[in-house]
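Residue-level structure breakdown
Here are the chains, one letter per residue:
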Amino acid sequence: MSYEVIIVGGGHAGCEAAAAAAKMNKKTLLVTSNVNNIADMPCNPSIGGSAKGIVVREIDALGGLMGKVADESQIQMKMLNDKKGPAVKALRAQVDKKIYPIEMLKTLKEIPNLTILEDFVINLIVEKNKVMGVETLSGKTIKSNAVILTTGTYMDSDILVGSKRTKSGPHGEKTIPDLSNSLKKLGFDLIRLKTGTPPRVSKSTIDFTKTKEEPGSLDKKYNFSFGKEKDYNISDQMSCHLIYTNKETHNIINENISKSSMYGGIADIEGVGPRYCPSIEDKITRFADKEKHQLFLEPESRYYDEIYIQGLSTSFPHDIQEKIVQTLPGLESAKILKYAYAIEYDALKPTQLKQNLETKNIKNLFTAGQINGTSGYEEAACQGLMAGINAVLTIEKKSPFVLKRNEAYTGVLIDDLITKGVQDPYRLLTSRAEFRLILRHDNADIRLRKYANKYGLINEKEYKAFLKKEAEIKELEKKLKENKLKPCKEADEILLKVGSSKIKDGINYFDLLKRPEINIEFIKKLINIDYKEEVIEQVVINSKYEGYIKKAYREAEKMVRLENKKIPQNIDYGKVKNIASEARQKLEEIRPTSIGQAIRISGVNPSDVSILMVYLKKGDFYD
Amino acid sequence: MDDTIVGISTTQGVGAISIIRLSGKDAINVASKIFLGKKLNEVDTHTINYGYIVNEKEKIDEVLVSVMKKPNTYTKEDIVEINCHGGISSTNKVLEMCLLNGARLAEPGEFTKRAFLNGRIDLTQAEGVMNLINSKTEQARKMSINQLNGKSAFKIKELRQFLIEIIAQIEVNIDYPEYEDIEQLENEHLKPKLYKVKEELKKIITDSEHGRIIKEGIDTVIIGRPNVGKSSILNMLLEQDKAIVTEIAGTTRDIVEGQINLEGILINLIDTAGIRKTEDVVEKIGVEKSLELLEKNDLILYILNNNENISEEDLEILNKIKNKNYIIIINKNDLHSKIDINKLNHFKNIIYMNTIDKQGLKELKEKIKELYKLDIINTNEMTYITNTKSLSLLKKSLKEIENIETGLENDIPIDLLEIDLKQIWNNLGEITGETFQDELINQLFSQFCLGK
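Residues numbered from 1 in each chain as written. Chains lettered and ligands numbered in written order. Predicted model: local features only at pLDDT ≥ 70, side-chain atom pairs only at ≥ 80, totals over all residues. Heavy atoms only, no water.

In this section: the overall build of chain A. Looking only at helices and strands, chain A features 20 helices and 22 strands. Computed over its C-alpha atoms, the radius of gyration of chain A comes to 26 Å, within 12% of the 25 Å expected for a compact globule of 623 residues. When the backbone C-alpha atoms are referred to their principal axes, chain A occupies close to 80 × 75 × 50 Å. Scored against the burial criterion, the 623 residues of chain A give a buried share of 61%. If you take every contact in chain A between residues at least 6 apart in sequence, the share linking residues at least 24 apart comes to 72%. On chain A, roughly 25,100 Å² of surface is accessible, and the fraction owed to carbon and sulfur atoms is 50%. Counting 98 positive and 84 negative side-chain charges, chain A places the averaged centre of each group 4 Å from the other. (Helix = DSSP H or I, 4+ residues; strand = E, 2+ residues; numbered from the N terminus. Rg over C-alpha atoms; globule rule 2.2 N^0.38 Å. Buried < 20%, exposed > 50% of the residue type's maximum accessible area, 1.4 Å probe, protein only. Contact = heavy atoms within 4.5 Å. Areas by Shrake-Rupley, 256 points an atom, 1.4 Å probe, with all protein chains shown as cover. Lys, Arg positive; Asp, Glu negative; His and termini not counted. Charge placed at Lys NZ, Arg CZ, Asp CG, Glu CD.)

Our next topic: the domain arrangement of chain A. If you check the domain split of chain A, you get domain 1 (200–341), domain 2 (460–554) and domain 3 (565–622). For domain 1 of chain A and domain 2 of chain A, the distance between their C-alpha centroids amounts to 44 Å. (Domains from an automatic or database assignment.)

So, on to the sheet that holds strand β17 (residues 306–310) of chain A. All names here are of chain A. Spatially, six strands are ordered β14-β15-β16-β17-β13-β18 in an open sheet, and the strand pairing comes out antiparallel. Edge positions in the sheet fall to β14 (212–214) and β18 (336–338), since each has one partner strand and no second. Looking at each pair of strands side by side, their axes are set apart by 35° on average, direction ignored. Examined bridge by bridge, strand β13 (residues 200–202) and β18 share two bridges and lie antiparallel to one another. Its bridge partner lying in β18, Val201 is registered against Ile336. (Pairing = 2+ DSSP bridges. Axes fitted to C-alpha atoms, helices over the stretch in contact; angles between N-to-C directions.)

Turning to the sheet that holds strand β10 (residues 158–161) of chain A, a few remarks are in order. Residues and elements named next belong to chain A. Pairing within the open sheet is antiparallel, and its four strands lie in the order β11-β10-β19-β12. At either margin of the open sheet sits one strand with a lone partner, and together these are β11 (164–167) and β12 (190–197). Each neighbouring strand pair of the sheet contributes to a mean axis angle of 25°, computed without reference to strand direction. Taken together, the eight bridges between β12 and strand β19 (residues 341–348) define a ladder with antiparallel strand orientation.

Let us now look at a nonpolar patch on the surface. Taken together, the side chains of Ile48, Tyr50 and Leu64 of chain B make up a nonpolar region of the molecular surface, amounting to roughly 310 Å² of accessible area. Relative to the helices and strands, Leu64 of chain B is located in strand β5 (residues 58–68). (Patch = residues over 30% accessible without salt bridge, like charges linked within 9 Å, V, L, I, M, F, W, Y side chains within 5 Å. Salt bridge = Lys/Arg side-chain N within 4 Å of Asp/Glu carboxyl O.)

All names here are of chain A. This structure, assessed with the given rule, holds six aromatic pairs over all chains. An angle of 50° between the planes, with centres 4.9 Å apart, marks the rings of Phe401 and Tyr451 as tilted. Remark: Tyr451 occurs in helix α11 (residues 444–454) and Phe401 occurs in the loop between α9 (377–395) and α10 (409–420); sequence separation between them is 50 residues. In this structure Tyr451 comes out as buried when scored by relative accessible area, which is 17%. (Phe/Tyr/Trp six-rings, centres within 6.5 Å; stacked < 30°, edge-to-face > 60°.)

Turning our attention to the environment of Ile243 of chain A. Residues and elements named next belong to chain A. Inspection of the secondary structure assignment puts Ile243 in strand β15 (residues 240–244). According to the relative accessible area criterion, Ile243 is buried, its value standing at 2%. On a C-alpha basis, the gap between Ile243 and Leu495 in space is 46 Å, while along the polypeptide they are 252 residues apart. Not counting residues up to four positions away in its chain, the partners in contact with Ile243 are Lys210, Thr211, His293, Gln294, Leu295, Leu297, Leu328, Pro329 and Leu331.

Our next topic: the packing of α9 of chain A against α10 of chain A. Geometry of a packed helix pair, given as the angle between the helix axes and the separation of the axes. Residues and elements named next belong to chain A. Where α9 contacts α10, the two axes come as close as 10 Å, and the packing angle between them is 85°. Classified by the angle their axes make, α9 and α10 are roughly perpendicular. Side by side, α9 and α10 meet where Glu379, Cys382, Gln383 and Met386 of the first sit next to Thr410, Leu413, Ile414 and Leu417 of the second. A breakdown of the residues in the contact of α9 with α10 according to their chemical character gives five nonpolar, two polar and one charged. (Parallel < 35°, antiparallel > 145°, perpendicular 65-115°, else oblique. Nonpolar A, V, L, I, M, F, W, Y, C, P; charged D, E, K, R; others polar.)

On the chain A side, the residues contacting the 45 residues of chain B number 52 residues. Regarding the contact of chain B and chain A, the summed buried area is about 4,200 Å², with carbon and sulfur atoms giving 52% of it. Summed over the shared surface of chain B and chain A, the result is six salt bridges. Glu178 of chain B is the salt-bridge partner of Lys78 of chain A, the closest N and O atoms lying 3.3 Å from each other. Connecting chain B to chain A are 15 residue pairs in polar contact (both at pLDDT 80 or more). In terms of residues, the side of chain B that touches chain A owes the most to one element, helix α14 (residues 437–447) of chain B, which gives nine residues. Looking at the side of chain B that touches chain A residue by residue, the class counts come to 19 nonpolar, twelve polar and 14 charged. (Buried area = accessible area lost by both parts, 1.4 Å probe. Polar contact = N/O pair within 3.5 Å; in protein donor to acceptor, adjacent residues only side chain to side chain.)

Let's shift gears to the pattern of salt bridges. Side chains that differ in charge, positive against negative, can pair when their charged atoms come close. By the definition in use, this model includes 62 salt bridges over all chains. For Asp442 of chain A, the salt bridge identified is with Arg440 of chain A, shortest N-O distance 2.9 Å. Arg440 of chain A matches Asp442 of chain A in its accessibility class, with the two residues each being buried. A salt bridge links Lys155 of chain B to Glu158 of chain B, with the nearest nitrogen and oxygen atoms 3.3 Å apart. Taken together, the residues Lys155 of chain B and Glu158 of chain B, both in helix α6 (residues 151–175) and three residues apart, mark about one turn of the helix. A residue is classified by how much of its surface remains accessible, and Lys155 of chain B, at 23% relative accessible area, is partly exposed. Taken together, the shared-partner salt bridges connect Asp156, Asp158, Arg165, Lys167, Arg192, Glu344 and Asp346 of chain A into one network.

A word on the pairing of strand β14 (residues 350–353) of chain B. All names here are of chain B. Only one face of β14 is buried: it carries Ile351 and Met353, and the other face, with Ile350 and Tyr352, is open. Summarising the sheet, strand β13 (residues 326–331) and β14 pair through four bridges and their orientation is parallel. Paired with Asn331 across the two strands is Met353, which belongs to β14.

Our next topic: the nonpolar core. Counting residues in hydrophobic clusters, the biggest one holds 113 residues, and the most contacted among them are Ile47, Tyr100, Leu108 and Leu183 of chain A. Of all the elements, α9 of chain A adds the most residues to this core, at twelve residues. Contact partners of Ile47 of chain A, with chain neighbours within four places excluded, come to Met41, Val56, Met66, Ala70, Leu91, Arg92, Ala93, Val95, Tyr100, Phe224, Tyr377 and Glu378 of chain A. With 44 residues, the next largest nonpolar core counts Ile156, Phe162, Ile205 and Ile431 of chain B among its residues. (Core = buried A, V, L, I, M, F, W, Y, C linked by side-chain atoms within 4.5 Å.)

The subject of this paragraph is the environment of Met613 of chain A. All names here are of chain A. Along the chain, Met613 turns up in helix α20 (residues 606–618). For the pair Met613 and Val147, spaced 466 residues apart in sequence, the C-alpha to C-alpha distance is 36 Å. When near neighbours in sequence (up to four residues on either side) are disregarded, Met613 contacts Lys565 and Ile595.

What follows concerns helix α1 (residues 12–23) of chain A. Residues and elements named next belong to chain A. The first and last C-alpha atoms of α1 sit 17 Å apart over twelve residues, in line with the 16 Å expected at 1.5 Å per residue. Burial analysis of α1 places eleven of its twelve residues in the buried class, the great majority of the element. His12, Ala13, Gly14, Cys15, Glu16, Ala17, Ala18, Ala19, Ala20, Ala21 and Ala22 are the residues of α1 that are buried. (Expected span 1.5 Å × (residues − 1).)

This next bit is on unusual backbone geometry. Cis rather than trans, the peptide bond between Lys70 of chain B and Pro71 of chain B has omega equal to 5°. Of note, Pro71 of chain B is situated in the loop between β5 and β6 (79–84). For Asn81 of chain A, which is not a glycine, the phi torsion comes out positive at approximately 55°. Considering the arrangement of structural elements, one finds Asn81 of chain A in the loop between β4 (74–80) and β5 (90–95). When its relative accessible area of 7% is taken as the criterion, Asn81 of chain A is described as buried. A positive phi is found at Lys76 of chain B, a non-glycine position, where the angle reads about 65°. Relative to the helices and strands, Lys76 of chain B resides in the loop between β5 and β6. The exposure class of Lys76 of chain B is partly exposed, given its relative accessible area of 36%.

A few words now on the side chain of Gln597 of chain A. Residues and elements named next belong to chain A. Considering the arrangement of structural elements, one finds Gln597 in helix α19 (residues 595–600). For Gln597, a relative accessible area of 2% corresponds to the buried category. A polar atom in the side chain of Gln597 sits 3.1 Å from the side chain of Thr419.

Structural data, given as structure tokens:
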């Protein structure tokens, strides 16, 4: 058996990687331990959210699957930060956990060149530091030109509940240590990470009258996908519900704290948990003076009874979990269907990767998703997509596809991983992006569609639709700039009516729109605007925030200039004199490709970078 | 930076002992070539060794030589310090010997630069040391020591902490929009916080400008019509402190005729138009031109003659400099007072001087102290930045605050205003030498309780 690209693992990263490679005309194999578990969502029943929602848009703009599948399986759509600026708006879908995997599998099966195999990969075949294929538990040897590892939390994982440690993946799925061992033998540095998930309770045992309803967006319909817009019934969305922990909850946790796996229940925990996703016992211990913590009851499916208690992730034994749940308002007699657990798993130190997600040690071996130290479906999916594209480009000996920090959250994420490494599972946050005003929800297609077209990930029709939109934005902007409101009595009257000030000279509509009290509806009364909402939206943003956007572009240019100062890859840092030893060690380890990247390495100080720049300029390197 | 540098570390010509310092990988080699005594290559680190500096057989000076091996030295390189006892000429000779034996003359501040580049000190400390090297008066020395202790760095760090708490609050609202128990920071909450930052920044900038005066002195120009006695006043001022009367090039533009030390504050007497050579400045270059010259300086001493009437020209100039720092000096060489003093009713800062009896100096000092509030410049309390680049970063930050205020008026969403706040935070970080994006992420998770 032989393939051009093999993907190991059928989670969110694996699906995107497999689809991308197959769409780029490579004979692709996706190996998964359980076909029914493809694109499973073992944690929260939602896709998107702050920063993450923008990533889903990016995935879609690049021709990935997550956006479309989420649109198909959503049970609620909510635009977050709706009242804030355009840069931080982000879409989130509550997704039907039963439908999402079914839709994903259906989509994968429709892609030519893609085969799905149910098996375990236990070993990588490597010759002369290049991966040649994989060996499976069932005894198969499968050759390939490239391998992408997207193992999620399944590498040598342990489920932790109270004082019990069980070798297992999520939902009692099988885990094996073999692949970890294979990677260690190849010289990779593995780290142990930890994450957790809250209990699920039976919906019919909850008294929702004691909770606060949190519906989805009711003003308009939203979609992740730029292409096909899925229609849905706004009033038929499922709601989430808000509740709080109370004194009694905290007492039970404090009294039993030593029974939690993380607080003494299990002695030998190595895994480092995510800071942004602490367990309830962490929250109560670290923020002892807080009287209550917020919890969301999220529906998991239209087809079954489970409710996910967001905010209650824990590793207490089952009996304590029951006691905790029963202190919650509305959940006094709630029945737990699935107990919470923590999971420890092996991951690769991501500083061992190149910008294209290929490992530095082994050629044609790529990794994506939780194996790279991230957390979250969206973070995994965007890496999978990038790894899939880059695996193909590597086979074809073409230059890698690297997104810069000013092009996409996806670029920010990968750059952070390979430059800074991870201490705890990495989650995307808007605060990680320096250029968030450029990396918006609304312009992901403008940023990325051209790449999707270049790599053949979207069809001609989709690309043409994008080009049309782009042309119309320019057209409308030009129209508003070229037409003026002239000073006259009528003009003054309508301006004063909306609380705006009179004009002395003629003002073009683009500039008039900048006034805080003037909206596009006002402009529409003065000049005919017959464009789609998505086109108008772009022009409005460009007008209202022009100053800020221009500034962001200027800052981004500065960064790009530093990115373009390349560091030769055969540089010997031992020869660069006077760099602090910590900086030298970090530079050796990460081997940044540009001065821009070097500056972002923690432990490398500005003075070290100036010395490095002087060294490169002097040309000592070429001696 | 792999060569060995040498310099005279003490102020030349002052004090009985002068120290010559070598730094670099050949420092010990260079010293041992010219030293008669123990073998410096073999002595322990951080020892003081007695002996002679010799040229061939000739003993040049009796010295104590300190040998300090890297890395526990100021520059983190090998350092040798030669304590010379023989005054200026032998110190120069020892320096020359070091230069002949493989060391290179250090540029001003190069030892500190190396200390900084080798990671021994941070940027603020380095600037503090540079100022210490350049400090000419006691006040300035105190200030340098203050900065070295990180006082200004501390103040700026405090301000950064205040900013990052605001930023973290805004970010957390963005990243966790549904956390109802986390306060939403709205535009109106930003206003008072912004005001605080603005006031703090203004204070540091004002202090820093005072700091510049302490460090660099007050650029002072003497002006007046012909024959009012400008040159005699200039000479009197210079003569009262002859020790530092030197004809040196000014820092930026004009010739500094001389510096006088006014109870610890430097007064740079600037001969803008060559008063000493030509008496009649106003006549020579015209009123407009002399006003232009006045613009560039910190302090104007306008001289009037006691036994002359005040001319229209005088009044024209005086009216134009009303809003600057000026002192009107009425030169009283002649006991006959003809001056129509009533014409000066609208002016302040009038003092009398007599260059023959050398009177009026005390009044002048008091006036200057009053004008520059020198009595309340307490170097222990002040936070100042004397480096021009840092000062411009502070001013840039103040400008950003104004942008945010405009944004607030125009209902710009808070997440956009926050971009400018971050810029300020970055500017301040550039001054203290710390700009890590990670800082923000850490703040986010320690300040708020978040999770799924």
